Amino acid sequence: MRKTTAALAALGAAVLGVLVPTGTANAATACDNAWHSLPAGSMAAYQHINCGGALLGRTPGDDSNWGNGQGAFQGSDTNRASSVLNAGTTHDTSWHAVQFFNGTGTDWAGGSSCLKRSEFYASNLTDDYFTSGHVINDAISSHRWVPESYCGGRFMT
């Protein structure tokens, strides 16, 4: 009788899990869908966590100032990203990471953090930090493609 009760309880929990999906699964689905629709070799940033809100921009190149009028990210895009994606390709094995900065300019100054190609996306930047110690959420001002060795061990989770 105990085995039957335990089996029925497990079955009920499994059915409930299918009927009531978790928020994490939904978040992963949104970012999975965004990543799969991203052109190969590109990176993208979204205004809200879980790849929600406005698509701020997407590009296969670098952008040294998300707040100016040039590049894929312009004007009010600076300091607004809450999730980022990396759909880099394997054709150039040395450029697997996108390095994000809280500063602007081609000197690539300020705190930084990277997103590896193998990680696909960081869906919630509220718990990630630049090397300067500042929270990444709503603080990205520029990015560039780099080898993972340029990241100094600082990667988004």
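Participant: Just checking my understanding: could you explain the overall build of the protein for this structure?
Facilitator: Looking only at helices and strands, the protein features 2 helices and 7 strands. Its helices and strands taken in sequence order, the protein reads α-α-β-β-β-β-β-β-β from the N to the C terminus. Relative to its full complement of 157 residues, the protein shows a buried share of 36%. Accessible surface computed for the protein: about 8100 Å², of which carbon and sulfur atoms make up 55%.

Participant: What's the story with the sheet that holds strand 2 (residues 52-59) in this structure? I'm lost.
Facilitator: Strand order in the open sheet formed by 4 strands is 2-1-3-6, with antiparallel pairing between adjacent strands. Bordering the open sheet on either side are strand 2 and strand 6 (121-122), each of which pairs with just one other strand. Pairing between strand 3 (residues 83-87) and strand 6: 2 bridges, direction antiparallel. Bridged to L85 within strand 6 is Y121.

Participant: Can you help me understand the packing of aromatic side chains in this one?
Facilitator: Each aromatic ring pair is summarised here by two numbers: the centre-to-centre distance and the angle between the ring planes. The tally for this structure, following the rule as stated, stands at 4 aromatic pairs. With 3.9 Å between their ring centres and 5° between their planes, W66 and F73 make a pair best called stacked. Overall, W66 belongs to the buried group, its relative accessible area being 0%. Note on F73: relative accessible area 0%, which makes it buried. Pairing F101 with W108 gives two aromatic rings, centres 5.4 Å apart and planes at 40°, and the pair type is tilted. Using a relative accessible area of 2% as the deciding quantity, one classes F101 as buried.

Participant: Looking at this structure, I do not really get the nonpolar core. What am I missing?
Facilitator: The nonpolar side chains of a soluble globular protein tend to be buried, and buried together. Among the nonpolar cores identified, the biggest contains 18 residues, and W66, V84, F100, I140 and M156 are the most heavily contacted of them. Among the secondary structure elements, those contributing two or more residues to this core are strand 1 (42-48) and strand 4 (97-101). Not counting chain neighbours up to four residues away, the residues in contact with V84 comprise A44, A45, F100, L115, F120, Y121, A122, L125, I140 and M156. Counting 9 residues, the second-largest nonpolar core is a separate cluster that includes A34, A44, Y46 and L85.

Participant: Would you take a moment to explain the state of the cysteines for this structure?
Facilitator: Two cysteines whose sulfur atoms are joined by a covalent bond form what is called a disulfide. All told, the structure shown has 2 disulfides when counted by the stated rule. Across the disulfide, C31 is cross-linked to C51 (sulfur-sulfur distance 2.2 Å). On the S-S bond that ties C31 to C51, the torsion sits near 105°, and the link is right-handed. Within this pair, whereas C31 is found in helix 2 (residues 23-37), its partner C51 is found in the loop between strand 1 and strand 2, the two being separated by 20 residues in sequence. Per residue, the accessibility class of C31 equals that of C51, and both read buried. Paired by a disulfide, C114 and C151 hold their sulfur atoms 2.0 Å apart. The S-S bond linking C114 to C151 shows a torsion near -95°; that makes this disulfide left-handed. Note that C114 is positioned in strand 5 (residues 112-116) and C151 in the segment after strand 7 (142-146), a separation of 37 residues in sequence.

Participant: Sorry if this is basic, but what is going on with the side chain of S112 here?
Facilitator: By secondary structure assignment, the location of S112 is in strand 5. Among the residues examined, S112 registers a relative accessible area of 9% and is labelled buried. A distance of 3.3 Å separates a polar atom in the side chain of S112 from a polar atom in the side chain of Q99.

Parameters at a glance
- Residues numbered from 1 in each chain as written.
- Predicted model: local features only at pLDDT ≥ 70, side-chain atom pairs only at ≥ 80, totals over all residues.
- Heavy atoms only, no water.
- Helix = DSSP H or I, 4+ residues; strand = E, 2+ residues; numbered from the N terminus.
- Buried < 20%, exposed > 50% of the residue type's maximum accessible area, 1.4 Å probe, protein only.
- Areas by Shrake-Rupley, 256 points an atom, 1.4 Å probe, with all protein chains shown as cover.
- Pairing = 2+ DSSP bridges.
- Phe/Tyr/Trp six-rings, centres within 6.5 Å; stacked < 30°, edge-to-face > 60°.
- Core = buried A, V, L, I, M, F, W, Y, C linked by side-chain atoms within 4.5 Å.
- Contact = heavy atoms within 4.5 Å.
- Disulfide = S-S within 2.5 Å.
- Polar contact = N/O pair within 3.5 Å; in protein donor to acceptor, adjacent residues only side chain to side chain.

By themselves, these are just geometric observations and shouldn't be taken as functional.
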